[in-house]
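A closer look at the structure
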Amino acid sequence: MPALDDTDLATLIAERAAALEPELIEIRRDIHQHPEGARMEHRTTEVVAARLERSGLEPRRLEGTGLICDLAPTGVDHIAARTKRRVILRADLDALPLTETSGLSFASTNGYSHACGHDVHTAVVLGAGLVLADLVREGKIDVSVRLLFQPAEEVQPGGANDAIAAGVLEGYDEVYALHCDPKIDVGSIGSRIGPITSASDTVTVTIAGDGGHTSRPHLAGDVVFALGQVITQAPSVLGRRIDPRAGVNLTWGAVEAGKAANAIPSRGMVTGTLRCLDENAWQQAEELLEEVIAQIVAPYGVDIEVEITRGVPPVVNDEPNVARLDDAARRLFGPQSVVLTEQSLGGEDFGWYLQHVDGAMARLGVRTPGGRSYDLHQSDFVVDERAIRYGVGLLSGIAALAGPTGSASAGPAQIPVG
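Because the structure is predicted, anything quoted here is derived from the model rather than measured.

It is worth spelling out the sheet that holds strand β2 (residues 67–70) at this point. Taken in spatial order, the 8 strands of this open sheet run β1-β2-β4-β3-β5-β16-β6-β15, and their pairing is mixed. Looking at which strands have only one partner, the edges of the open sheet turn out to be β1 (60–61) and β15 (338–340). Examined bridge by bridge, β1 and β2 share 2 bridges and lie antiparallel to one another. Bridging from a neighbouring strand, Arg 61 pairs with Leu 67 of β2. Each of β3 (85–92), β4 (143–150), β5 (174–185) and β16 (358–367) touches helix α3 (residues 118–137); the most contacted strand, β3, lies at about 150 degrees to it.

Quick look at the structure:
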């Protein structure tokens, strides 16, 4: 059967995404009601694997949790197949250790919740896989696609490094992902060339001294006072030693020191996150931070230990891949469907994939038009489930359509809202 042109293919993708919507919503609700934490996503992995197997595909479990699935008829060597493009579509499986307060009929009750939308991401990649698998079987597209359902995105170090070590990128040229955005209306896609998320490390500073009575601070290394100087001065010093255009941000989240009002403790600790939009500045900030903190506390006669836990690099979208993403969205949803999204200081381990393979991440609008803007990582987070069909259409289109030609605005195959 001859391949379709992009207009006909976009229409077919839109129709099949819409047809799958009811089933994908049910799958999403099932995953949502039974969330699992990082590296514990056994049930979620099996739900996805079972649906892929029912469609005749052969998913392969990763070590522990997560899976990959190559879209090709049974018995075909997918990676060795000669195709125009080799594309990975990635979803993340894990939930947050957060008690849900959404009031949904399918809300979680186990102390975890999908407050970052990973249940939506999973349903979207699953749906795109089902659409694309049929198109591959029918000979309508010439592309190799790997579905990657990755565990442990919400922890550091995240599951992306484990997946890369397992070889999931080998033989592939491009990787794409979507992330729910409750600030963007359903039906729209947030796009950005270059950094879209931030590098993120965990920083812990431990300060030790002799301890003593608060009436005699000159006889003791004043741990609490030294901690206070680190808390207030370290972010400011970094802002004067590193180019501010890099978006370096050091923010403290917890501090512990002492129990009594009249006793100087012998030990205290502050912990927080170091974030940066520029990879070179990220490396510089890590190297500089210990030096800065040592200089800050030098006058106070205390000992310090600075521990930096490497988290994730920034997600830096490649321009050609963003162009392909934007083109697919406009063909499927209309010329006004793509909006410029803001840079975020949130971390995403998708950045590790882009250290090895070209690709891009887009924001998937999940806000009901005119409705409330929820926030990610909050216990009452709710999405407009119509976003699933848009995500399925977009990821299918990224893989299947030829790419930017300059005529993407002509006759888009609209996926209607409602």
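Now that the structure has been shown, we can carry on.
Before going further, it helps to examine the sheet that holds strand β10 (residues 249–257). Within a beta sheet, neighbouring strands are joined by backbone hydrogen bonds and run either parallel or antiparallel to one another. Read across the sheet, 4 strands follow the order β10-β12-β8-β13 without closing on themselves; strand pairing throughout is antiparallel. The open sheet has two free edges, formed respectively by β10 and β13 (303–312), since each of these has just one partner strand. In this sheet, neighbouring strand axes are inclined to one another by 15 degrees on average, regardless of whether the strands run parallel or antiparallel. Where β10 meets strand β12 (residues 267–276), 8 bridges bridge the pair, whose relative direction is antiparallel.

Burial within β4 is extensive, with 8 of its 8 residues counted as buried. Where β2 meets β4, 4 bridges bridge the pair, whose relative direction is antiparallel. Pairing of Ile 68 across the sheet is with Leu 148, part of β4. Of the pairings in the sheet, the one linking β3 to β4 comprises 8 bridges and is parallel in character. Among the inter-strand pairings, Ile 88 is bridged to a residue of β4, identified as Arg 146. Running through α3, the crossover from β3 to the neighbouring parallel element β4 is right-handed.

Time to look at unusual backbone geometry. Here Gln 156 and Pro 157 are connected by a cis peptide whose omega angle stands at -5 degrees. The phi torsion at Arg 39 lies on the positive side, around 65 degrees, for a residue other than glycine. Here Arg 39 is to be found in the loop between α1 (6–33) and α2 (42–54). We note that His 377 has phi near 65 degrees; this positive angle belongs to a residue other than glycine. Among the structural elements, His 377 can be located in the loop between β16 and α9 (387–400). Classification of His 377 by relative accessible area gives partly exposed; the value is 36%.

So, about the side chain of Ser 191. Mapped onto the secondary structure, Ser 191 falls in strand β6 (residues 189–191). Accessibility expressed as a relative area gives 6% for Ser 191, which makes it buried. Polar contacts involving the side chain of Ser 191 include one to the side chain of Asp 326, which spans 2.7 Å. Residues contacting Ser 191, with those up to four places away along its chain left out, are Val 322, Asp 326, Val 338, Val 339, Leu 340 and Thr 341.

What follows deals with the confidence of the model for the protein chain. Here the protein chain averages 92 in pLDDT, and 93% of its residues register 70 or above. Ignoring residues within four places in sequence, the model shows residues 406–412, a span with pLDDT below 50, making 10 contacts including any to other chains.

Turning our eyes to something else, we now look at the nonpolar core. Leu 52, Leu 89, Leu 132, Leu 147, Phe 149, Leu 364 and Leu 395 are the most contacted members of the largest nonpolar core, which has 70 residues in total. It is α3 that contributes the most residues to this core, 12 residues altogether. Residues in contact with Leu 364, not counting those within four places in the same chain, are Val 120, Val 124, Leu 178, His 179, Cys 180, Asp 181, Ser 188, Ile 189, Ala 387, Tyr 390 and Gly 391. The next biggest cluster of nonpolar side chains, apart from the first, holds 49 residues, and it includes Ile 242, Ala 246, Cys 276 and Phe 350.

The subject of this paragraph is the pattern of salt bridges. Across all of its chains, the model carries 30 salt bridges by this definition. Between Glu 174 and Arg 85 there is a salt bridge, and its shortest N-O distance comes to 2.8 Å. Taken as a pair, Glu 174 in strand β5 and Arg 85 in strand β3 lie far apart in primary sequence, 89 residues in all. Exposure class is identical for Glu 174 and Arg 85. Each is buried. Taken together, the shared-partner salt bridges connect Arg 28, Arg 29, Asp 119 and Glu 385 into one network.

The terminal C-alpha atoms of α9, which comprises 14 residues, lie 20 Å apart, in line with the 20 Å expected from a rise of 1.5 Å per residue. Among the 14 residues in α9, 14 count as buried, and that is most of the element.

Right, let's talk about the environment of Val 203 for a bit. With respect to the element layout, Val 203 can be found in strand β8 (residues 199–208). Val 203 sits in the buried class, given a relative accessible area of 0%. Those residues in contact with Val 203, other than ones at most four positions away along the chain, are Leu 250, Trp 252, Val 270, Thr 271, Gly 272, Leu 274, Leu 289, Glu 307 and Ile 308.

To continue, consider helix α6 (residues 279–297). Taking 1.5 Å per residue, 19 residues should reach 27 Å; α6 reaches 28 Å between its end C-alpha atoms and fits that length. Its maximal kink placed at Leu 288, α6 deviates by approximately 35 degrees. Taken together, the buried positions of α6 are occupied by Ala 281, Trp 282, Ala 285, Glu 286, Leu 288, Leu 289, Val 292, Ile 293, Ile 296 and Val 297. Against β8, α5 (223–241), β10, β12, β13 and α8 (350–353) lie the buried residues of α6. Residue Asp 278 occupies the N-cap position of α6, its side-chain oxygen lying 3.1 Å from the main-chain nitrogen of Asn 280.

What counts and how
- Residues numbered from 1 in each chain as written.
- Predicted model: local features only at pLDDT ≥ 70, side-chain atom pairs only at ≥ 80, totals over all residues.
- Heavy atoms only, no water.
- Pairing = 2+ DSSP bridges.
- Helix = DSSP H or I, 4+ residues; strand = E, 2+ residues; numbered from the N terminus.
- Contact = heavy atoms within 4.5 Å.
- Axes fitted to C-alpha atoms, helices over the stretch in contact; angles between N-to-C directions.
- Buried < 20%, exposed > 50% of the residue type's maximum accessible area, 1.4 Å probe, protein only.
- Right-handed = clockwise from strand over helix to strand, strands pointing away.
- Polar contact = N/O pair within 3.5 Å; in protein donor to acceptor, adjacent residues only side chain to side chain.
- pLDDT = per-residue confidence, 0-100.
- Core = buried A, V, L, I, M, F, W, Y, C linked by side-chain atoms within 4.5 Å.
- Salt bridge = Lys/Arg side-chain N within 4 Å of Asp/Glu carboxyl O.
- Expected span 1.5 Å × (residues − 1).
- Bend = angle between axes of the 7 residues up to and from the residue.

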